[in-house]
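# Residue-level structure breakdown
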Amino acid sequence: MTAPTPAPDPMALRRALGQFPTGVCIVTTRVEDELLGMTMSSFNALSLDPPLVLFSIDRRARGLPQWERAGSYAIHALAETQRALSNRFARPGPKWEGLDHAPGHGGAPLLHGAAAVFECDAHAQHDGGDHVLFIARIHRFTAHPERRPLVFAQGRYAGLDRPHEAPPLWPLDIHY
Ligand SMILES: Cc1cc2nc3c(=O)[nH]c(=O)nc-3n(C[C@H](O)[C@H](O)[C@H](O)COP(=O)(O)O)c2cc1C
């Protein structure tokens, strides 16, 4: 019998995972009369056909029971200028007071100023260890390529370094 793999040091693992830059999203939903919103870096593209994306929520999140019941979500890929909004939705305390928003698909609140917004239906939920993995199906989306996306790497916010100096790589001549 082989010995079980020892659990990695959580801080060292976090630091290593922080070497992989992500964007920053605020995911919102409405469950009955309650509006929920959470800052997330776990958002990722999953499938083009059907159009699926994913994000994961910590099992310790106070809002998790409501997220598990939600039928739709609005996923906002934040712009570089939205760091304060990201912090607001990452902390306990009032999130919606004084904030302009409008009802989107399924009632999920839409925020202004994002680099892109994906309005989604709930598609599936899976066990993800100390997180719950949510898979969402895109119903409609908007994009603002003129807004630079907010980046999160090495445990801090960053911006893209002069993205307009490099020629666009899309479409890639390799399989992606
Ligand atoms: C940049 C950044 C990314 C985050 N990504 C996630 C994430 O993907 N999943 C998650 O559960 N919490 C994530 N968090 C933490 C949550 O935003 C925060 O714990 C949330 O406000 C907790 O929600 P609650 O009020 O329901 O407990 C992130 C925080 C920051 C600042």
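Preceding this paragraph is the structure being described.
As a starting point, this report considers the structure included with it. Computed from a predicted structure; not experimentally measured.

Glancing now at the overall build of the protein. Regarding its fold elements, the protein presents three helices and 12 strands. Dimensions along the principal axes, computed over C-alpha positions, put the protein at roughly 55 × 45 × 35 Å. Burial status across the protein gives 35% buried among its 176 residues. For the protein, the proportion of contacts with a sequence separation of at least 24, taken over those separated by at least 6, is 64%. Summed over its atoms, the accessible surface of the protein is roughly 11500 Å², and 58% of this surface lies on carbon and sulfur atoms. Measuring between centres, the 17 positive side-chain charges of the protein sit 6 Å from its 18 negative side-chain charges.

Attention now goes to the site of the ligand. Neighbouring the ligand are 16 residues, the closest being T39, S42, S56, D58 and R62. In this structure, G63 approaches the ligand through a main-chain N or O atom, which is 2.9 Å from an oxygen atom. In this structure, A90 approaches the ligand through a main-chain N or O atom, which is 3.3 Å from an oxygen atom. Notes on the ligand: free accessible area 650 Å², of which the protein chains cover 77%. Elements with a contribution of two residues or more to the shell around the ligand: β3 (34-40) and β5 (52-58). Considered class by class, the residues forming the shell around the ligand number seven nonpolar, five polar and four charged.

Formed by 23 residues in total, the largest nonpolar core has its most connected members in I57, Y73 and I75. Of all the elements in the fold, those that place two or more residues in this core are β2 (25-31), β3, β5, α2 (64-69), β6 (72-77), β9 (116-128) and β10 (131-143). The leading source of residues in this core is β10, at four residues. With residues near it in sequence (within four places) discarded, I57 still touches M38, M40, L64, W67, D130, H131, V132 and F134. In this structure, V24, L85, F89 and W96 belong to the second largest nonpolar core, which totals nine residues.

We now examine the sheet that holds β6. Either a parallel or an antiparallel arrangement is found when strands of a sheet pair, and the pairing is made through backbone hydrogen bonds. Judged by pairing direction, the sheet is antiparallel, and its seven strands sit side by side in the order β3-β2-β6-β9-β10-β5-β4 without closing on themselves. Sheet topology places β3 and β4 (44-47) at the edges, where each strand pairs with a single neighbour. Looking at each pair of strands side by side, their axes are set apart by 35 degrees on average, direction ignored. Bridging between β5 and β10 involves seven bridges; their strand directions are antiparallel. By the bridge assignment for β10, I57 is matched with V132.

Moving on, we come to the pairing of β10. The sheet contact formed by β9 and β10 spans 12 bridges and is antiparallel. Paired with H126 across the bridge in β10 is L133. Counting the residues in the hairpin turn of β9 and β10 gives two residues, including G129, whose phi is positive at 65 degrees.

Tracing the sequence through the fold places K95 in the loop between α3 (83-88) and β7 (101-103). When residues no more than four places from it in sequence are discounted, the contact partners of K95 are G37, R88 and F89.

Each value, and the rule that gives it
Residues numbered from 1 in each chain as written. Predicted model: local features only at pLDDT ≥ 70, side-chain atom pairs only at ≥ 80, totals over all residues. Heavy atoms only, no water. Helix = DSSP H or I, 4+ residues; strand = E, 2+ residues; numbered from the N terminus. Buried < 20%, exposed > 50% of the residue type's maximum accessible area, 1.4 Å probe, protein only. Contact = heavy atoms within 4.5 Å. Areas by Shrake-Rupley, 256 points an atom, 1.4 Å probe, with all protein chains shown as cover. Lys, Arg positive; Asp, Glu negative; His and termini not counted. Charge placed at Lys NZ, Arg CZ, Asp CG, Glu CD. Near = heavy atom within 4 Å. Polar contact = N/O pair within 3.5 Å; in protein donor to acceptor, adjacent residues only side chain to side chain. Nonpolar A, V, L, I, M, F, W, Y, C, P; charged D, E, K, R; others polar. Core = buried A, V, L, I, M, F, W, Y, C linked by side-chain atoms within 4.5 Å. Pairing = 2+ DSSP bridges. Axes fitted to C-alpha atoms, helices over the stretch in contact; angles between N-to-C directions.

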